[in-house]
Amino acid sequence: YLNPIITILFLIISERVTTKYFGKYVGLLTLIFLSTNEMTFWVGSSLLTSMIFSSFFMMGVYFILKYLRSKSYTHILLMSIFFTLAAFIRPNGIIFVPVGLLTIVSFLIIENYFRKNEFKKIQFTIKSIGKITCYGISPWLIFVIFMLSFNQYYFGDPTTTFYNVPGLPQELLSEQNDAYEI
(Lines give C-alpha, C1' and ligand atoms only; values in the text may rest on other atoms or scores of the structure.)
Protein backbone atom coordinates (compact mmCIF):
# COMPACT_ATOMS: atom_id res chain seq x y z
CA TYR A 1 0.00 0.00 0.00
CA LEU A 2 2.97 2.31 0.35
CA ASN A 3 3.95 2.71 -3.28
CA PRO A 4 0.48 3.67 -4.65
CA ILE A 5 0.38 6.39 -1.98
CA ILE A 6 3.86 7.56 -2.99
CA THR A 7 2.79 7.51 -6.65
CA ILE A 8 -0.20 9.73 -5.89
CA LEU A 9 2.07 12.07 -3.92
CA PHE A 10 4.47 12.14 -6.88
CA LEU A 11 1.62 13.14 -9.21
CA ILE A 12 0.51 15.87 -6.80
CA ILE A 13 4.06 17.20 -6.32
CA SER A 14 4.71 17.23 -10.06
CA GLU A 15 1.47 19.04 -10.80
CA ARG A 16 1.96 21.62 -8.05
CA VAL A 17 5.55 22.42 -9.03
CA THR A 18 4.75 22.86 -12.72
CA THR A 19 1.59 24.85 -11.99
CA LYS A 20 3.41 27.21 -9.65
CA TYR A 21 6.34 27.92 -11.95
CA PHE A 22 5.00 27.41 -15.47
CA GLY A 23 1.25 28.08 -15.32
CA LYS A 24 -1.97 26.19 -14.84
CA TYR A 25 -2.14 24.73 -18.36
CA VAL A 26 1.36 23.28 -18.15
CA GLY A 27 0.47 21.83 -14.74
CA LEU A 28 -2.64 20.24 -16.18
CA LEU A 29 -0.69 18.79 -19.12
CA THR A 30 1.95 17.44 -16.74
CA LEU A 31 -0.71 15.75 -14.64
CA ILE A 32 -2.40 14.28 -17.73
CA PHE A 33 0.88 13.00 -19.18
CA LEU A 34 2.07 11.47 -15.93
CA SER A 35 -1.24 9.97 -14.85
CA THR A 36 -1.92 8.34 -18.23
CA ASN A 37 1.61 7.01 -18.66
CA GLU A 38 1.70 3.22 -18.53
CA MET A 39 5.08 3.19 -16.75
CA THR A 40 3.65 5.30 -13.92
CA PHE A 41 0.94 2.71 -13.35
CA TRP A 42 3.35 -0.20 -13.61
CA VAL A 43 5.97 1.26 -11.28
CA GLY A 44 3.32 2.71 -8.97
CA SER A 45 1.49 -0.58 -8.46
CA SER A 46 4.47 -2.49 -7.06
CA LEU A 47 7.01 -1.49 -4.46
CA LEU A 48 9.89 -0.25 -6.59
CA THR A 49 12.26 2.54 -5.69
CA SER A 50 11.51 4.61 -8.79
CA MET A 51 8.58 6.57 -7.36
CA ILE A 52 10.31 7.35 -4.08
CA PHE A 53 13.39 8.45 -6.02
CA SER A 54 11.30 10.58 -8.39
CA SER A 55 9.42 12.22 -5.52
CA PHE A 56 12.63 13.25 -3.78
CA PHE A 57 14.03 14.43 -7.11
CA MET A 58 10.97 16.61 -7.78
CA MET A 59 11.22 18.15 -4.32
CA GLY A 60 14.88 18.95 -4.99
CA VAL A 61 13.98 20.60 -8.29
CA TYR A 62 11.22 22.53 -6.53
CA PHE A 63 13.69 23.99 -4.04
CA ILE A 64 16.17 24.89 -6.82
CA LEU A 65 13.41 26.85 -8.55
CA LYS A 66 12.30 28.37 -5.27
CA TYR A 67 15.84 29.52 -4.51
CA LEU A 68 16.22 31.14 -7.91
CA ARG A 69 13.17 33.29 -7.15
CA SER A 70 13.63 34.06 -3.44
CA LYS A 71 17.43 33.87 -2.88
CA SER A 72 17.00 32.18 0.52
CA TYR A 73 19.92 29.94 1.41
CA THR A 74 17.57 27.63 3.33
CA HIS A 75 16.21 26.50 -0.04
CA ILE A 76 19.69 25.42 -1.09
CA LEU A 77 19.97 23.31 2.05
CA LEU A 78 16.56 21.74 1.41
CA MET A 79 17.44 21.13 -2.24
CA SER A 80 20.61 19.36 -1.21
CA ILE A 81 18.79 17.32 1.44
CA PHE A 82 16.19 16.07 -1.04
CA PHE A 83 18.82 15.25 -3.67
CA THR A 84 20.79 13.39 -0.98
CA LEU A 85 17.69 11.42 0.00
CA ALA A 86 17.24 10.54 -3.67
CA ALA A 87 20.84 9.28 -3.72
CA PHE A 88 20.15 7.16 -0.63
CA ILE A 89 17.24 5.51 -2.46
CA ARG A 90 19.14 4.91 -5.73
CA PRO A 91 22.91 5.28 -6.05
CA ASN A 92 22.63 6.90 -9.49
CA GLY A 93 21.18 9.94 -7.70
CA ILE A 94 24.71 11.02 -6.83
CA ILE A 95 24.81 12.84 -10.18
CA PHE A 96 22.78 15.62 -8.52
CA VAL A 97 25.78 16.89 -6.55
CA PRO A 98 27.21 18.86 -9.45
CA VAL A 99 23.90 19.42 -11.25
CA GLY A 100 22.19 21.31 -8.43
CA LEU A 101 25.18 23.32 -7.33
CA LEU A 102 26.36 24.22 -10.83
CA THR A 103 22.87 25.37 -11.76
CA ILE A 104 22.74 27.81 -8.88
CA VAL A 105 26.34 28.99 -9.19
CA SER A 106 26.01 29.57 -12.94
CA PHE A 107 22.78 31.48 -12.35
CA LEU A 108 24.55 33.74 -9.84
CA ILE A 109 27.48 34.33 -12.17
CA ILE A 110 25.24 35.19 -15.11
CA GLU A 111 23.02 37.39 -12.94
CA ASN A 112 25.98 39.31 -11.50
CA TYR A 113 27.72 39.65 -14.86
CA PHE A 114 25.24 42.31 -15.90
CA ARG A 115 25.78 44.53 -12.84
CA LYS A 116 27.50 47.89 -13.28
CA ASN A 117 29.66 48.01 -10.12
CA GLU A 118 32.54 45.55 -10.57
CA PHE A 119 33.59 45.49 -6.88
CA LYS A 120 30.10 44.62 -5.62
CA LYS A 121 29.75 42.00 -8.33
CA ILE A 122 32.87 40.05 -7.30
CA GLN A 123 32.25 40.41 -3.55
CA PHE A 124 28.64 39.27 -3.84
CA THR A 125 29.55 36.32 -6.02
CA ILE A 126 32.31 35.03 -3.74
CA LYS A 127 30.14 35.37 -0.63
CA SER A 128 27.18 33.71 -2.33
CA ILE A 129 29.25 30.88 -3.74
CA GLY A 130 30.72 30.26 -0.28
CA LYS A 131 27.29 30.03 1.34
CA ILE A 132 25.94 27.90 -1.48
CA THR A 133 28.89 25.55 -1.14
CA CYS A 134 28.49 25.22 2.64
CA TYR A 135 24.74 24.64 2.51
CA GLY A 136 24.87 22.50 -0.59
CA ILE A 137 27.73 20.19 0.40
CA SER A 138 26.85 19.47 4.04
CA PRO A 139 24.11 16.83 3.37
CA TRP A 140 26.39 15.17 0.82
CA LEU A 141 29.16 14.89 3.41
CA ILE A 142 26.75 12.96 5.63
CA PHE A 143 25.93 10.73 2.66
CA VAL A 144 29.60 10.04 1.90
CA ILE A 145 30.40 9.33 5.56
CA PHE A 146 27.47 6.92 5.75
CA MET A 147 28.47 5.11 2.56
CA LEU A 148 32.12 4.83 3.60
CA SER A 149 31.19 3.46 7.04
CA PHE A 150 28.69 1.05 5.47
CA ASN A 151 31.33 -0.29 3.08
CA GLN A 152 33.89 -0.50 5.89
CA TYR A 153 31.49 -2.51 8.06
CA TYR A 154 30.30 -4.95 5.39
CA PHE A 155 33.32 -5.25 3.10
CA GLY A 156 36.25 -4.34 5.35
CA ASP A 157 37.36 -1.49 3.10
CA PRO A 158 35.60 1.88 2.75
CA THR A 159 36.36 2.10 -0.97
CA THR A 160 34.98 -1.36 -1.77
CA THR A 161 31.34 -1.73 -2.74
CA PHE A 162 29.16 -4.64 -3.77
CA TYR A 163 30.07 -4.02 -7.39
CA ASN A 164 33.84 -4.33 -7.03
CA VAL A 165 34.30 -7.02 -4.35
CA PRO A 166 37.22 -9.16 -5.53
CA GLY A 167 36.21 -12.66 -6.59
CA LEU A 168 32.50 -12.21 -6.01
CA PRO A 169 31.26 -13.24 -9.49
CA GLN A 170 33.67 -16.15 -9.55
CA GLU A 171 32.45 -17.35 -6.14
CA LEU A 172 28.83 -17.22 -7.28
CA LEU A 173 29.61 -19.14 -10.46
CA SER A 174 31.57 -21.78 -8.57
CA GLU A 175 28.70 -22.21 -6.09
CA GLN A 176 26.25 -22.70 -8.97
CA ASN A 177 28.54 -25.22 -10.64
CA ASP A 178 28.94 -27.13 -7.36
CA ALA A 179 25.15 -27.27 -6.98
CA TYR A 180 24.75 -28.83 -10.45
CA GLU A 181 27.44 -31.45 -9.81
CA ILE A 182 25.61 -32.94 -6.83
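Each remark here, short or long, concerns the structure printed above.
Position labels on residues start from 1 in each chain and follow its written sequence. Confidence filtering applies because this is a predicted model: local features only for residues at pLDDT of at least 70, side-chain atom pairs given and counted only at 80 or more, and all residues used for totals across whole chains, interfaces and linings. As a rule here, side-chain values come from all non-hydrogen atoms in the structure, and water together with hydrogens is ignored.

### Comments concerning the packing of helix H1 (residues 2-22) against helix H2 (residues 24-35)
Phase 1 of the analysis: Where H1 contacts H2, the two axes come as close as 7 Å, and the packing angle between them is 155°. One way to sum up the angle between H1 and H2 is to call them roughly antiparallel. Where H1 crosses over H2, the handedness of that crossing is right-handed. Of the residues in H2, those touching H1 at Phe10, Leu11, Ser14, Glu15, Thr18, Thr19 and Phe22 are Lys24, Val26, Gly27, Thr30, Leu31, Leu34 and Ser35. All axes here are fitted lines through C-alpha atoms, helices being fitted over the stretch that makes contact, and every angle between N-to-C directions spans 0 to 180 degrees. Only DSSP runs of H or I with at least four residues qualify as helices, and only runs of E with at least two residues qualify as strands; both kinds are numbered from the N terminus onward. Roughly parallel covers angles under 35 degrees, roughly antiparallel covers those over 145, roughly perpendicular covers 65 to 115, and oblique covers all other angles. By definition, any crossing whose near helix is turned counterclockwise from its far helix by less than a right angle is left-handed, and any crossing with a clockwise turn is right-handed. Two residues qualify as a contact provided that any one of their heavy atoms is within 4.5 Å of a heavy atom in the partner residue.

### What to know about H1
Phase 1 of the analysis: For H1, built from 21 residues, the straight-helix expectation of 30 Å at 1.5 Å per residue is met to within 8% by its first-to-last C-alpha distance of 30 Å.
Phase 2 of the analysis: All buried positions along H1 are accounted for by Asn3, Ile6, Thr7, Phe10, Leu11, Ile13, Ser14, Glu15, Val17, Thr18, Thr19 and Tyr21.
Phase 3 of the analysis: Against H2, helix H3 (38-45) and helix H4 (50-70) lie the buried residues of H1.
Phase 4 of the analysis: Just downstream of H1, Gly23 is the residue with a positive phi angle, here 110°. A helix is expected to span 1.5 Å multiplied by its residue count minus one. Burial status follows relative accessibility: with a 1.4 Å probe on protein chains alone, a residue under 20% of its type maximum counts as buried, one over 50% as exposed, and anything between as partly exposed.

### Concerning the nonpolar core
Phase 1 of the analysis: Counting residues in hydrophobic clusters, the biggest one holds 31 residues, and the most contacted among them are Tyr67, Ile76, Met79, Ile104 and Ile132.
Phase 2 of the analysis: When contributions to this core are tallied by element, the ones reaching two or more residues are H1, H4, helix H5 (73-89), helix H6 (96-113) and helix H7 (118-155).
Phase 3 of the analysis: Other than its neighbours up to four places away in sequence, Ile76 contacts Tyr67, Ile104, Ile132, Tyr135 and Gly136. To form a nonpolar core, buried Ala, Val, Leu, Ile, Met, Phe, Trp, Tyr and Cys residues must be joined to one another through side-chain atoms within 4.5 Å.

### Quick notes on the side chain of His75
Phase 1 of the analysis: With respect to the helices, strands and loops of the structure, His75 is situated in helix H5.
Phase 2 of the analysis: Excluding residues within four positions of it along the chain, His75 makes contact with Phe63, Lys66, Tyr67 and Ser70.

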